[in-house]
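Observations on the model geometry
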Amino acid sequence: MGKEARKKHRIRNWLIISGIVLTLLAAITILSFNVFFELLNIVMPGGGMRALYNEGDEAIYVSDFTSKTDAFDYANDLNVRICEEGIVLLKNENNVLPLQTPVSNSAISDKPKISVFGKNSVDIAYSGSGSGGANTDDAVDLYQALEGAGYDYNPVLKSFYEDESQSGNKRASNSQDLDSGDSISIATGETPLSAYTDQVRASYGDYKDAAIMVITRVGGEGFDLPRNMGRTPGAAAPEDTYLQLDQNELDLLESICNYGFERVIIVVNSSAIMELTFLTDPSYFQYHENIDACLWMGYPGNSGAIALGSVLNGSVNPSGRTVDTYAAHLKDNPSFVNFGDNQVENGDRYNVDGNDKMYYFVDYEEGIYVGYKYYETRGFTDGEAWYKDNVIYPFGYGLSYTDFSWEVVDKTSIVNSTIDASERYEVQVAVTNIGDIAGKEVVELYGHAPYYDGEIEKAQVVLVDFVKTDLLKPGESQVVTLTFEPYYLASYDYNDANNNGFSGYELDASTDSNGYSLYVSKNAHEMVESIPFNVGPEGIRYELDPVTGHVVENLYTDQEDVAFNSDTQLSTVLSRLNWEDTWPTPPTDDERQVTQ
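Attention in this report is confined to the structure presented alongside it. (Residues numbered from 1 in each chain as written. Predicted model: local features only at pLDDT ≥ 70, side-chain atom pairs only at ≥ 80, totals over all residues. Heavy atoms only, no water.)

**Notes on the overall build of the protein**
Scanning the protein from terminus to terminus reveals 10 helices and 21 strands. Scored against the burial criterion, the 596 residues of the protein give a buried share of 45%. Taking all contacts inside the protein whose residues are at least 6 apart in sequence as the whole, residues at least 24 apart take part in 75%. For the protein, the exposed surface amounts to about 30,300 Å²; the carbon and sulfur share of it is 51%. (Helix = DSSP H or I, 4+ residues; strand = E, 2+ residues; numbered from the N terminus. Buried < 20%, exposed > 50% of the residue type's maximum accessible area, 1.4 Å probe, protein only. Contact = heavy atoms within 4.5 Å. Areas by Shrake-Rupley, 256 points an atom, 1.4 Å probe, with all protein chains shown as cover.)

**What to know about the nonpolar core**
Grouped together as the largest cluster of nonpolar side chains are 87 residues, with contacts concentrated most on L97, F117, L253, I266, L276, F278 and L312. The dominant element in this core, judged by the number of residues it contributes, is strand β4 (residues 210–216), at six residues. Leaving out residues up to four positions away in the same chain, L312 has contacts with L97, P98, L99, L146, Y151, I212, I265, L295 and Y401. Among the nonpolar cores identified, the runner-up in size contains 37 residues, and Y425, V480, L507 and V535 belong to it. (Core = buried A, V, L, I, M, F, W, Y, C linked by side-chain atoms within 4.5 Å.)

**Quick look at the sheet that holds strand β16 (residues 491–493)**
By definition, the strands of a sheet pair up through backbone hydrogen bonds, in either a parallel or an antiparallel sense. Overall, antiparallel pairing links the three strands, which are arranged β16-β17-β20 in an open sheet. Two strands bound the open sheet, and with one partner strand each, they are β16 and β20 (540–542). On average, each strand axis in the sheet is tilted by 35° relative to the strand beside it, whichever way the strands run. (Pairing = 2+ DSSP bridges. Axes fitted to C-alpha atoms, helices over the stretch in contact; angles between N-to-C directions.)

**Structural notes on the sheet that holds strand β5 (residues 264–269)**
Reading across the sheet, the six strands line up as β1-β6-β5-β4-β2-β3 and stay open at both edges, with mixed pairing between neighbours. This sheet does not close on itself; its edge strands, each paired only once, are β1 (88–92) and β3 (152–153). Where strand β2 (residues 113–117) lies against β3, two bridges are found, and the strand directions are parallel. Across the sheet, the residue bridging to K113 is D152, located in β3. With respect to the sheet, helix α7 (residues 247–259) is in contact with β2, β4 and β5, its orientation differing from that of β4 by roughly 170°.

**With respect to a nonpolar patch on the surface**
A cluster of nonpolar side chains, contributed by Y74, L78 and I82, occupies part of the molecular surface with about 280 Å² of accessible area. Tracing the backbone through its elements, the reader meets I82 in helix α2 (residues 68–86). (Patch = residues over 30% accessible without salt bridge, like charges linked within 9 Å, V, L, I, M, F, W, Y side chains within 5 Å. Salt bridge = Lys/Arg side-chain N within 4 Å of Asp/Glu carboxyl O.)

**Section: the side chain of N228**
Residue position: N228 is located in the loop between β4 and α7. A polar side-chain atom of N228 sits 3.1 Å from the main-chain amide nitrogen of G230. Leave out the neighbours within four places in its chain, and N228 touches I184, S185, P238, E239, D240, T241 and Q343. (Polar contact = N/O pair within 3.5 Å; in protein donor to acceptor, adjacent residues only side chain to side chain.)

As structure tokens, then:
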């Protein structure tokens, strides 16, 4: 073949191959367009996109919006409403809140003038860490919220916190190490009191209607809350936890309480419970009586700070409730013992054939006694004095700017009856606003099951329902209905502790001397009315899950392979029969050893 012929042959081959490739690309493009078009229909509302559904079926997901901007604006509005409903008023001495008019500066301005304290006030936590994080570049900050609520804030103090050369570095950013199980220590980032200049201190006088101190803690994926402060800057003591006030915060709070502000208000910017003992205990903080009010804000997201301003000025009456027990001393919680690496090198890592591995374990020796189920149960067994020493605010607690009266108006379906496993029972409560401000009230319903020594472990109370009223004007009433299904109160007896030949969810038979009750309650500890009922002599057993119909059975006990046996290391599980002798203990080095 001559040179020219070879050239034509290569060109012809190239054209054939190119044609095949172009044809394939065209086919792929057409198919991809159809696939991605449908995908865009799902993730991008509006813009001419249509809902995706099977032929002959109604659309399942139909957008309410015509653009992403509209959807985003709605999400921010919804977030504000959620925060309005969720902010918790923990303390409000002498009704210092809402703060609506000036107290000491009426000649200067018709707006309350506020000094906002705390380095984190200019860097609040909007969300958690890891996958719980979010871009907050456009978030409404605390100062914007206060300004929008009709307050004048101290600009000198704000500038001081923003200037890191004066007030120090801001708190640490979220950890990027999502795999290590090692203990860490995190500084709160609070500014030492010694850094406050004379100019900053002098600015307080013109902004003394109220002092708001912001306390921030952040945690989440890859950012476990430290169990000790170690040598971090500001640590009051190395053994203090991250959820206590550090020394810089204590010093700042003392100076605020002693300055002479008309009102001192704490804002807790943390999704985790903190030790708020400083609000109530003079042995912890001797100026606790100078703290007038405390609000739990949590993580407000992009727009939720607006809700804080609305609660402060009274345009929203707080109606949120605590979602956990605020303990006086977190180290005394049974789950504290087995958290993380137990503050021991490699303390929660499996050791396989003599080698420490990146495989972690947790011993849940506290059993069912987690959160309020522990504190309410031990408060019952050890008495009210123990409870007051160990609990600052109970689960389900929250104050309002108004007052309510309650009356149980219908309990006939359950009172003194022998309940049926498949029935649903109702309790109706009339709630009346007897105060001077419109507000919402929360009615909670708890169940109590009898405990028999050494048998199935049971909490003293279990939340079975709660209802929030509509916004009630002064003098207005509403009847709310709470429901109870026996399954809500059933205990999981995984090892037939009551020796009746059954393992699963069940309610023991009741006796006249030790029976069941429902408690209509303000919170987990403050009961308004008790409603007794009975369970028949055979008890109630749930062999099938009432929702799914699946058989209820143990999956991770009695396994020959210790790696899959949940009881392998649980030599002791906490029991209300004897708290001290069954108290959790950290795992030993021997318990870390497994074979390949």
